[in-house]
Amino acid sequence: EEVVIPPSSPGGGGARPRWARGPVRSAAPEKMISESSSFVKGMMLGGLFCVFVTFIGHNKMGHGTKAHHHEHHHIQAPNKEDVSNLSEGERMELSHSIRVYCIILVKPKDLGNWAAVKETWSKHCDKAEFYSSESVKVFDSIVLNTNEMWVMMRKAYKLAYERYQDEYNWFFLAHPTTFAVIENLKYFLLKKDASQPFYIGHTVKSGELEYVDGDGGIVLSIESLKRLSKIFEDPDRCPEQGGLIWKLSEDKQLAVCLKYTGVLAENAEDSEGKDVFNTKSVGSLIKEAMANHPQQVVEGSCSDMAITFNGLAPNHMHVMMYGVYRLRAYGHNFKDALVFLPPAGSDND
Amino acid sequence: ITHTHTHTHTHTHTHTHTHFLGQDPYREDNTTAAELYSKVRILCWVMTGPSNLETKARHVQATWARHCNVALFMSSVRDDGFPTVGLDVKEGRDQLYWKTIRAFHYVHQHHLEQADWFLKADDDTFVVLDNLRWLLANHTPEAPVYFGKRFKPFVKQGYMSGGAGYVLSKEALRRFVEGFRTQVCTHTSPVEDLALGLCMEKMGVQAGDSRDTEGRETFHPFPPERHLMENLQRDYYYPTYSFYPILLGAQSCSDLSVSFHYVSPEEMYVLEYMSRHLRPYGYRPRYQPALTVWNRTEPRDG
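It should be emphasised that the depicted structure is a prediction, and the values quoted were computed from it without experimental measurement.

(A) How the structure looks around the state of the cysteines. Tallying each qualifying case throughout the model produces 4 disulfides over all chains. In this model, Cys-238 of chain A is linked to Cys-257 of chain A through a disulfide, with the two sulfur atoms separated by 2.0 Å. Here the disulfide of Cys-238 of chain A and Cys-257 of chain A is right-handed, its torsion about the S-S bond being about 95 degrees. Within this pair, whereas Cys-238 of chain A is found in the loop between helix 7 (222-231) and helix 8 (250-260), its partner Cys-257 of chain A is found in helix 8, the two being separated by 19 residues in sequence. With a sulfur-sulfur separation of 2.1 Å, Cys-44 of chain B is cross-linked through a disulfide to Cys-68 of chain B. On the sign convention where negative is left-handed, the bridge of Cys-44 of chain B and Cys-68 of chain B, at about -100 degrees about the S-S bond, is left-handed. Pair noted here: Cys-44 of chain B is in strand 3 (residues 42-47) and Cys-68 of chain B is in the loop between helix 2 (53-62) and strand 4 (70-75), with a separation of 24 residues, a long-range link. A single burial state applies to Cys-44 of chain B and to Cys-68 of chain B, both of which are buried. Each bonded cysteine of chain B gets a number by its place in the sequence, and the pairs then read 1-2, 3-4.

(B) Summary view of the packing of aromatic side chains. Under the definition given, this model contains 28 aromatic pairs over all chains. Both rings, one in Tyr-330 of chain A and one in Trp-134 of chain B, keep their centres 5.8 Å apart while their planes meet at 40 degrees; by these two values the pair is tilted. Of the two residues, Tyr-330 of chain A is situated in the loop between helix 10 (314-325) and strand 13 (333-335) and Trp-134 of chain B in helix 4 (residues 129-136); the pairing between them involves two chains. A relative accessible area of 1% places Tyr-330 of chain A in the buried class. When the centroid spacing of 5.7 Å and the interplanar angle of 45 degrees are considered together, the rings of Phe-222 of chain B and Tyr-238 of chain B count as tilted. Placement of Phe-222 of chain B in the loop between strand 12 (206-207) and helix 7 (224-229) and of Tyr-238 of chain B in helix 8 (residues 238-241) is noted, with a sequence separation of 16 residues between them. Three or more aromatic residues joined by ring pairs form one cluster here, namely Trp-45, Tyr-97, Phe-104, Tyr-146, Tyr-166, Phe-176 and Phe-180 of chain B.

(C) Molecular detail of the environment of Ala-337 of chain A. Residues and elements named next belong to chain A. As for its position among the elements, Ala-337 is in the segment after strand 13. Owing to a relative accessible area of 1%, Ala-337 belongs among the buried residues under this scheme. Spatially, the C-alpha atoms of Ala-337 and Tyr-187 are 8.5 Å apart, while their sequence positions differ by 150 residues.

(D) Highlighting the packing of helix 7 of chain A against helix 8 of chain A. All names here are of chain A. Two elements in contact, helix 7 and helix 8, have axes whose closest approach is 9 Å; the angle formed by their N-to-C orientations is 95 degrees. Accordingly, the angle class assigned to the pair helix 7 and helix 8 is roughly perpendicular. Only Leu-254, Cys-257, Leu-258 and Tyr-260 of helix 8 make contact with helix 7, whose side of the interface consists of Ser-224, Leu-228 and Ile-231. Of the residues belonging to the contact of helix 7 with helix 8, the class tally is 6 nonpolar, 1 polar and no charged.

(E) Looking closely at the sheet that holds strand 12 of chain B. All names here are of chain B. Ordered in space as 5-4-3-6-11-8-12, the 7 strands form an open sheet in which the pairing is mixed. Only two strands of the sheet have a single neighbouring strand rather than two, namely strand 5 (85-86) and strand 12. The pairing of strand 8 (residues 145-148) with strand 12 spans 2 bridges and is classified as parallel. Each bridged residue has a counterpart across the sheet, and for Val-145 the counterpart in strand 12 is Gln-206. Its contacts with the sheet place helix 3 (residues 96-111) against strand 3, strand 4, strand 5, strand 6 (117-122) and strand 11 (166-169), and it is angled at close to 150 degrees to strand 3.

(F) Quick look at the pairing of strand 8 (residues 203-206) of chain A. Residue and element names in this part refer to chain A. Of the two faces of strand 8, both are covered, the one formed by Thr-203 and Lys-205 as well as the one formed by Val-204 and Ser-206. Note: strand 8 against strand 9 (residues 209-212), 4 bridges, orientation antiparallel. Across the sheet, residue Val-204 finds its bridge partner in strand 9, namely Tyr-211.

(G) Summary view of the side chain of Ser-76 of chain B. Residue and element names in this part refer to chain B. Relative to the elements of secondary structure, Ser-76 occurs in the loop between strand 4 and strand 5. In terms of polar contacts, Ser-76 uses its side chain to reach the side chain of Glu-91, at 2.6 Å. When sequence neighbours within four positions are dropped, the list of residues in contact with Ser-76 reads Pro-50, Gly-86, Leu-87, Asp-88, Val-89, Lys-90, Glu-91 and Lys-99.

(H) Local environment of the nonpolar core. Residues and elements named next belong to chain A. Grouped together as the largest cluster of nonpolar side chains are 103 residues, with contacts concentrated most on Trp-121, Tyr-131, Tyr-157, Phe-172 and Tyr-199. Ranked by the residues each element gives to this core, the list is headed by helix 5 (residues 149-164), at 10 residues. Ignoring anything within four residues of it in the chain, the contact list for Tyr-157 reads Ile-103, Leu-173, Ile-218, Leu-220, Leu-225, Leu-228, Phe-232 and Leu-254.

Criteria and cut-off values
- Residues numbered from 1 in each chain as written.
- Chains lettered and ligands numbered in written order.
- Predicted model: local features only at pLDDT ≥ 70, side-chain atom pairs only at ≥ 80, totals over all residues.
- Heavy atoms only, no water.
- Disulfide = S-S within 2.5 Å.
- Helix = DSSP H or I, 4+ residues; strand = E, 2+ residues; numbered from the N terminus.
- Buried < 20%, exposed > 50% of the residue type's maximum accessible area, 1.4 Å probe, protein only.
- Phe/Tyr/Trp six-rings, centres within 6.5 Å; stacked < 30°, edge-to-face > 60°.
- Axes fitted to C-alpha atoms, helices over the stretch in contact; angles between N-to-C directions.
- Parallel < 35°, antiparallel > 145°, perpendicular 65-115°, else oblique.
- Contact = heavy atoms within 4.5 Å.
- Nonpolar A, V, L, I, M, F, W, Y, C, P; charged D, E, K, R; others polar.
- Pairing = 2+ DSSP bridges.
- Polar contact = N/O pair within 3.5 Å; in protein donor to acceptor, adjacent residues only side chain to side chain.
- Core = buried A, V, L, I, M, F, W, Y, C linked by side-chain atoms within 4.5 Å.

Printed below as a string of structure tokens:
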């Protein structure tokens, strides 16, 4: 869907069109009844007009043809030169310096996937916690008491910042249909300074807004999380409810709020330009590759250092766990700059 | 109107970061795999047919068959384009043992000196050749032995599942051919794996134990999901057939698994990707067995 975002300026207020400010709040109750119906009519007309103008405007600019200049923000994995020539001690120290806290947002309907995530990849986070809409008997979780995704996300990020700002430098948020390889995430973050505002994942462009698609997982540095926590206090720019007329998905709302603080989304790629955060499963990507480039199915699709895949059923998570951490071809050794040991109390990795 | 990035760089736009195309971000050392490739030579022959070439065999050819020292596709009809060997049989389940007999005879006649071990697989079997080499490195091809997923009924020493693939030593292949020459072995039934197993036993070829050093199976008659997720101890047939005790969950499959069966074309590529491409950077696996090559032990690898 097309989204029109008012122009943003990180430091102060930018001019916003009057129609975006929301309903008038100060009218007296007796007057409101007669005023409200004409108000509603006015809002609807204005809204329709706005959609019309936007549609025309985009067609005029030839938006679909990519002929115009638009900025992409891409971010690269470290390459060979970055990581060679480190001593064993330096490797261990480096590995421990990247501390990832995982937030998984769950609802009772996700119970099967919740269990699978608990039993599989989340064990490789430095800490993983499940933030649920409501309390569930079977599992411990941090209960958010709301069903709305955007509100869940806000509360989870707020709590994570409050509790863990001094303990972790990277914050990874995922849905229970996502599988993540945390070691590859850490390798990706290797040379990135967490005191800089990073907001990384599989990005999508929607009008002027570039946002990280929540399906592929969202990575925030501690600096971004800090700025996010501040803008949460701003009900005009980053409201918990309402705000813009069209209801945005939570991953877009996040991008809007972050943009106000000067934090922009960046798409993550390996040294060959392949996405490392995927919003689809390996099977789906392979199927597409078989149709689109059958001569180079594997080489032309997924990255060797993929970080996430999405759309996995619980069984698939367990198979992924085996495929990622255990199944391998004997005799291929790697001189990696980082060292990660298997977690305690686990046997499927 | 949202549009997603495809990163194929067919359109020009300015980047805020530069791309380093084609550079390896980490160094791979293939010495052990390369050494095994030359020391443990494997000829693979894949049982297929004209109607399966484009739908199944093609994907085997594009994935694991590339890692065999020699790869042959056996069909009822010769096809120089694919290419396939024509075995001068009809197609059909009742022809499976004829195909097997003819295929091994063909290999014995034309390719004996090119390999040490001779693998039979179906066009819906996925094989990890490097792991098969690791398994076989500890044995000599001059010994009369064959390996696969060992089944227990009907044959005293057991026999190997056809779908999971099985591999004969050079001496085992010689004895198979010799068995037919002397009529000790004949076409007893169309059930290829059982019939071959009976011949092997008659010819003094040992049914080997293909489990890893932790007792976990390496050849699998089903896809990974079935072994990892199902309780096959409760399956109707499996406990009757499985020679060794059935292990469940993570223990059902070795890290160094050799084969899976009933693998769809799409899953061929998925398994190729998972076994040879995708890996957790820097991760030290729990299972790191030593490599023993003909009584010579080398430091921990893999």
